Amino acid sequence: MHTLIIKAYRDLTRRKLRSALTLVGILIGVAGIVAIVTTAQSLADAQTAAYNNASQNDVWCWTWNASPAIQRPLEAIPNVAAVELRTSYYTRWRVPAQYGIGTAWRSVRLIGLNDYENVRVNQVLLREGNWPGPGEVLVEQSSLDANPVRIGDTITIKTREGRGERTLTVSGIAWTPAYPSAAILATSLCYAPAADVQEFAGLTGDNQILFKLTDMGQRDETAKRISETLRRRNVWFDQMHVRDPDEFVGKRELQAVFAVMTLFTALGLVISGFLVANTLSAIVSEQVGEIGAIKAVGGTRQQVLALYLVASALYGVVGTVVGSIIGFLGSGVLIDYIAPFLTLDVGRPVVPRAFALGAGVGIGVAIVAGFWPAWHGTGISVREALAAYGIVSTYGQGTVDRLLRRVRGLPPLVLFSARNLGRRKSRSLITFLAIGVAAAAFLAAQATSISVETAIDTLFNVYNTDAWVWFEEPVQAGFTTRLAAVPGVAAVERWGNVHGYVQHVQALIYGLPADTQMYRHEVVAGRWFAPGAWDEIVLTTGLADEAGVRVGDTVTMDIWGNQRAFQVVGLAVDNITSGIGATPIGKAFAPGETVSRVMGRQGWADFFAVQTEDTSPAGVEAVLTRLEDKYGHLKLRAAAAYADIEYARDVSRILTVALWAMVVIVALSGGIGVLNTLALNVMERRREIGVLRSIGAVDWSMVQVFLTEGLILGLLGAIVGLLVAYPLAHYFVTTIADNMGFPIATVFTGETAAAGVLFALVLAAVASLGPALGAARMRVSEALRYE
């Protein structure tokens, strides 16, 4: 074995450039696997650690003016490990103008805690400065990107008292593990003393209760006991929000990104296999005489085969070692890019599974890819091997050769180059397949990116609104006209928006006007409910499937224990979830008055859809500020619709970055394939090049020959890429849709196809320049002396 390794090593170092190119192809694939697996596992582990070490809540609920006295009875409930009461207040803030971000009011969430030193659930970690005292505020570090304040700065917030404003001093910078970044939520996060936040919000007690459980396996039973305890003590709450232990914030989005990156890495490994097969084929061809000599002195085919498989394994081992190092460093870049969106402290963990998988795939691909050329080449007899020289004498006798000789009407240079490629059919086939895979990856990435962008536009086009306004306490239904009278408001509709159940399946229930202009319903079966038809309901297709109902069936709606029967008259498509990491939930649409009756709020309203005259983000924010100034004393809260769209586009941008990063990697592998093939062709045809130079061929003529060969390979690869691209893009889009939880249609345009053809030609041309220039610089004497 030692002798085999030395012989294989000498063979590989004999052609250093060719070996280097092949190793690069392998290490790219291995690096991709190590980087992706390390990043995915590290983020998942960091999220788990954040939940465990920072005591992230397992159950929570909104309440109203809860007294600290409720904490002890809640902590006495079996399986409750800790209870935390806090005050949460959504408002707007303004930072000092000297930081160059203007004086616009921006969304902020203020959380008030009584004792920052002893927070037991959803712990807050102090990064700089001090915990906030009266008149002070602690800024979450992810909010600093959009609001670059410093310790000691003074910020201004709006309070409930209509036009009331308060100034607060920044006491420090905090980190909130596992809380989504302010950039994702489009809402900053700050902390202040509970008494201050309650004063700003017009409260006399806390409005949120968080629970940490001992055993998540009993979470549903514990949530019921918590609800019963709160009801017995007459403490109002909305509902129990129970965390799924198998989910974490942003998991679906990250899964979609990693799934696509994994698929692209697989494509890169396929190309790497092509490179190994190409290189081993060239080595075997060059060493036909040595194979004959080994067999002549008694060597068996298996022994010769072992020699070349050891060479393949060496490629795999070296490529795996270098690729693993690069992949580990690459995972650090990915983690640094993604972790801030989830406010996770990940570090640089070593994931043994990632290195084991990278090694298995890297070495395995090299050996498997090298087996066929090694097996085929070592099957030659001693007589054939010792008599062989250069290009085999059978050239021109095959079907492809005869077809190429019959081609007429093309420039002589093109015909000459095409026939040259036919002399090494397997090598040319492998090369243009590698280009085809790279072109298909490019086309699939472009089509996937366009498809996701189109899906986002389609999804949010359902809601023809610029903002939502709601009140923590109901107002009269006629409040619509008062909201519409605020300057900048174009139109207002009264909506209902509440969590409930349809046929015992959890659903988000909307009460809408039958002739709504702010919800563009897409009914795919039946019809929309008619004006005056108070007992008709439309369900989303997902909810109908989960509840097992169809058009014409009667269903029961349950809101806070109040029930009413409805007839299903239509099914609609609406796949928007309620935010980052949210689990997709079905929706039901019924007449607004009927939903109000089921809620026990007939003649009252608490949720409104708003259209603004200026639909730009600044224009919408200005209108929301006016609304809060005018009606803040009624506990008005507001949210801009563009924030949800921006979140979706942020996820799309992460996906796009991942897609194009992988395209670069796959394209690099494909380019290396072309470079490898043409470099081999130049080396094998040195004598021919010398003969051409000796009869007057100039440098440019030699460049044209090999550049044309590369372009022909690129054109053939483009054809293969076009044939594979749509199925591949559809598979990518389907994978993303399955992870994201909503359907995405595959968009593949003529412009995309044209771009793919251009990509393949440019890739082949650029990769061909090196070998072409090398052939042009070759001296006649050097070429004719080549053995």
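Residues numbered from 1 in each chain as written. Predicted model: local features only at pLDDT ≥ 70, side-chain atom pairs only at ≥ 80, totals over all residues. Heavy atoms only, no water.

Draft legend 1. Region of the structure containing the overall build of the protein chain. Scanning the protein chain from terminus to terminus reveals 23 helices and 20 strands. Here the analysis covers contacts within the protein chain between residues at least 6 apart in sequence; of these, 82% occur between residues at least 24 apart. (Helix = DSSP H or I, 4+ residues; strand = E, 2+ residues; numbered from the N terminus. Contact = heavy atoms within 4.5 Å.)

Draft legend 2. Region of interest: helix α6 (residues 219-232). Here α6 contains 14 residues, and its C-alpha end-to-end distance of 20 Å stays within 8% of the 20 Å for a straight helix at 1.5 Å per residue. By the burial criterion, the buried members of α6 are T222, A223, I226, S227, T229 and L230. Each buried residue of α6 lies within a common arc of 165 degrees when the element is viewed along its axis, so the set occupies one face. Projecting away from the buried face of α6 at angles above 90 degrees are the exposed residues K224, R231 and R232. Residues of α6 that are buried sit in contact with β1 (59-66), α3 (71-75), β2 (80-94), β9 (206-213) and β10 (241-242). Note on α6: the residue one or two positions beyond its end, N234, has a positive phi of about 60 degrees. (Expected span 1.5 Å × (residues − 1). Buried < 20%, exposed > 50% of the residue type's maximum accessible area, 1.4 Å probe, protein only. Arc of directions from axis to C-beta.)

Draft legend 3. Highlighting the packing of aromatic side chains. Per the stated rule, a full pass over the model turns up 19 aromatic pairs. Pairing F471 with F479 gives two aromatic rings, centres 5.3 Å apart and planes at 75 degrees, and the pair type is edge-to-face. Given the relative accessible area of 4%, F479 is considered buried. Where Y519 meets W528, the ring centres are 6.0 Å apart and the plane angle is 25 degrees; that geometry is what we call stacked. Chaining the aromatic ring pairs together yields one cluster made of Y463, W468, W495, Y510, Y519, W528, F529 and F589. Here R597 stacks its cationic end above the ring of W534, 5.9 Å away from the centre of that ring. A cation over a ring is seen here: R637 above W62, with NZ or CZ 6.0 Å from the ring centre. (Phe/Tyr/Trp six-rings, centres within 6.5 Å; stacked < 30°, edge-to-face > 60°. Lys NZ or Arg CZ within 6 Å of the ring centre and 35° of its normal.)

Draft legend 4. Here's a closer look at the pairing of strand β7 (residues 165-175). Note that strand β4 (residues 125-129) and β7 share four bridges and pair antiparallel. By the bridge assignment for β7, L126 is matched with A174. Two strands pair when backbone bridges link them, and strand β5 (residues 136-140) and β7 are joined in this way by five bridges, in the parallel orientation. Among the inter-strand pairings, L138 is bridged to a residue of β7, identified as G172. (Pairing = 2+ DSSP bridges.)

Draft legend 5. Main features of the nonpolar core. L43, M261, V346, L655, I736, I744 and F759 are the most contacted members of the largest nonpolar core, which totals 55 residues. Going through the elements one at a time, α2 (16-53), α7 (251-286), α9 (301-342), α14 (425-460), α19 (641-684), α21 (699-740) and α22 (750-777) are the ones with two or more residues in this core. Considering each element in turn, this core owes the most residues, 15 residues, to α14. When residues no more than four places from it in sequence are discounted, the contact partners of M261 are I36, L334, A658 and M662. Counting 24 residues, the second-largest nonpolar core is a separate cluster that includes I283, Y308, A374 and I380. (Core = buried A, V, L, I, M, F, W, Y, C linked by side-chain atoms within 4.5 Å.)

Draft legend 6. Summary view of the pairing of β9. The buried fraction of β9 is high, at eight of eight residues. Alignment of β1 against β9, held across five bridges, turns out to be antiparallel. Across the sheet, the residue bridging to V59 is F211, located in β9. Bridge count between β2 and β9: six bridges; the pairing is antiparallel. For R86, the partnering residue across the bridge sits in β9 and is Q208.

Draft legend 7. Molecular detail of the pattern of salt bridges. Tallying each qualifying case throughout the model produces 14 salt bridges. For K158, the salt bridge identified is with D629, shortest N-O distance 2.7 Å. In this pair, K158 sits in strand β6 (residues 154-158) while D629 sits in helix α18 (residues 617-631), placing the two residues 471 residues apart along the sequence. Each member of the pair, K158 as well as D629, carries the same accessibility label: buried. Connected via shared salt-bridge partners are D58, K212 and R243. (Salt bridge = Lys/Arg side-chain N within 4 Å of Asp/Glu carboxyl O.)

Draft legend 8. Main features of a nonpolar patch on the surface. A cluster of nonpolar side chains, contributed by V317, V318, V321, V322, I325, I326 and L329, occupies part of the molecular surface with about 570 Å² of accessible area. Within the secondary structure layout, V321 lies in helix α9. (Patch = residues over 30% accessible without salt bridge, like charges linked within 9 Å, V, L, I, M, F, W, Y side chains within 5 Å. Areas by Shrake-Rupley, 256 points an atom, 1.4 Å probe, with all protein chains shown as cover.)

Draft legend 9. Structural context of the side chain of T594. Turning to its location among the elements, T594 is positioned in helix α17 (residues 592-599). Classification of T594 as buried rests on a relative accessible area of 0%. Once you skip the residues sitting within four places of it in the chain, T594 turns out to touch W534, D535, R564 and F566.

Draft legend 10. α18, seen in detail. Along its 15 residues, α18 runs 21 Å from first to last C-alpha, staying within 8% of the 21 Å computed at 1.5 Å per residue. By the burial criterion, the buried members of α18 are G619, V620, E621, V623, L624, T625, L627, E628, D629 and Y631.

Draft legend 11. Representation of the side chain of Q239. Structurally, the position occupied by Q239 is in the loop between α6 and β10. Given a relative accessible area of 19%, Q239 falls into the buried group. Contacts of Q239, omitting those with residues within four sequence positions, involve W60, C61, H499 and Q506.

Draft legend 12. Just unusual backbone geometry, in detail. With a phi close to 50 degrees, N122 is a non-glycine residue in the positive phi region. By secondary structure assignment, the location of N122 is in the loop between β3 (106-113) and β4. Phi is positive for Q503, close to 55 degrees, though the residue is something other than glycine. Structurally, the position occupied by Q503 is in the loop between β12 (489-502) and β13 (505-512). We classify Q503 as partly exposed; its relative accessible area is 30%.

Draft legend 13. Region of the structure containing the environment of M702. Mapping M702 onto the fold places it in helix α21. Between the C-alpha atoms of M702 and L773, which are 71 residues apart in sequence, the distance is 7.9 Å.

Draft legend 14. The confidence of the model for the protein chain, seen in detail. When the pLDDT values of the protein chain are averaged, the result is 80; 80% of them are 70 or greater. The secondary-structure element of the protein chain with the lowest mean pLDDT is helix α23 (residues 780-784), recorded at 54, while β5 shows the highest, at 95. Overall, residues 578-582 carries pLDDT values under 50, and its contacts beyond four positions in sequence, including any with other chains, amount to 16 contacts. (pLDDT = per-residue confidence, 0-100.)

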